[in-house]
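Fold and geometry: a report
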Amino acid sequence: EDQVTQSPEALRLQEGESSSLNCSYTVSGLRGLFWYRQDPGKGPEFLFTLYSAGEEKEKERLKATLTKKESFLHITAPKPEDSATYLCAVEGETSGSRLTFGEGTQLTVNP
Amino acid sequence: DTEVTQTPKHLVMGMTNKKSLKCEQHMGHRAMYWYKQKAKKPPELMFVYSYEKLSINESVPSRFSPECPNSSLLNLHLHALQPEDSALYLCASSQTGQPFDQLFFGSGTQLSVL
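The following refers to the structure shown. (Residues numbered from 1 in each chain as written. Chains lettered and ligands numbered in written order. Predicted model: local features only at pLDDT ≥ 70, side-chain atom pairs only at ≥ 80, totals over all residues. Heavy atoms only, no water.)

1. Quick word on the side chain of N22(A)
Let me state the cut-off plainly: Strands are runs of DSSP state E lasting at least 2 residues, helices are runs of H or I lasting at least 4, and numbering of each runs from the N terminus. Here a polar contact is recorded for every N or O atom pair within 3.5 Å, except that within protein the pair must consist of a potential hydrogen donor and a potential acceptor, and residues adjacent in sequence are included only if both atoms are side-chain atoms.
Here N22(A) lies in strand 3 (residues 19–26). Among the polar contacts listed, one links the side chain of N22(A) to the side chain of S24(A), at a separation of 3.0 Å.

2. So, the sheet that holds strand 7 (residues 64–70) of chain B
Residues and elements named next belong to chain B. What counts, and what does not: A pair of strands counts as paired when DSSP detects no fewer than two bridges linking them. Where helices are involved, their axes are fitted lines through C-alpha atoms of the stretch in contact, as for all axes, and angles between N-to-C directions lie from 0 to 180°.
Pairing in this open sheet of four strands is antiparallel, and the strands run 1-3-8-7 from one edge to the other. Strands with a single pairing partner mark the edges of an open sheet, and in this sheet they are strand 1 (4–7) and strand 7. Between one strand axis and the next, the sheet turns by 20° as a mean value, whatever way the strands run. Across five bridges, the pairing between strand 7 and strand 8 (residues 73–79) is antiparallel. Considered in strand 8, the bridge of S65 is made with H77.

3. Digging into the environment of E44(B)
Residue and element names in this part refer to chain B. Put simply, the rule reads: For the exposure calls, accessible area comes from a 1.4 Å probe over protein chains only, and a residue counts as buried if that area is under 20% of its type's maximum, exposed if over 50%, partly exposed in between. Working rule for contacts: check all heavy atoms of both residues, and any pair within 4.5 Å makes them a contact.
Assignment of secondary structure puts E44 in strand 5 (residues 44–50). On the basis of relative accessibility, which here comes to 47%, the residue E44 falls in the partly exposed class. Separated by 45 residues in the primary sequence, E44 and Y89 place their C-alpha atoms 9.5 Å from one another. E44 has contacts with W34, Y35 and K36, leaving out every residue within four places of it along the chain.

Pasting the structure below:
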């Protein structure tokens, strides 16, 4: 069974204070690891897909990295508008298009 | 147009009511999904339609009945729900439903069952 654990559960940062969110996973044959951002009362918004260890992707202040056991979402010089819940999900070879989501990290960036 | 549109945004219903949730996308995607999300929890997959055929049913109770009239539309018919069914119901679409597909989510319907 695929498993995803995200840490920390909640993170408070000051504007400009860089940090990282962690996503540890156990999956039988990783097809893809996905990062989504979710604002309160809205659906998740796609950020990145990572396919293999060593891969990195960037978008504005966000950078996602992947190893064989975990993924990090690095946030550089965050702004208040980066406040959201960040969800990590994996798709394994035996999951049949089902994503296994982690519980998310709730990020708050104070001005 | 990269939107998935869900209606209504909010719904309050009694346990004896029948209601429907609607979802529409015009991105030419051939896979559509229903997810259920409780507060402070991740989304849970309910149903997947691929090329208008039900391909995944995650053992969802029969009081939830999905329907895919065409490749752009997805409905979720609700009947005799329980208070524990109160949640945010999310519709999503993807290009084909194959591995690596990016999911596009709608904003959801916040359902309250009294």
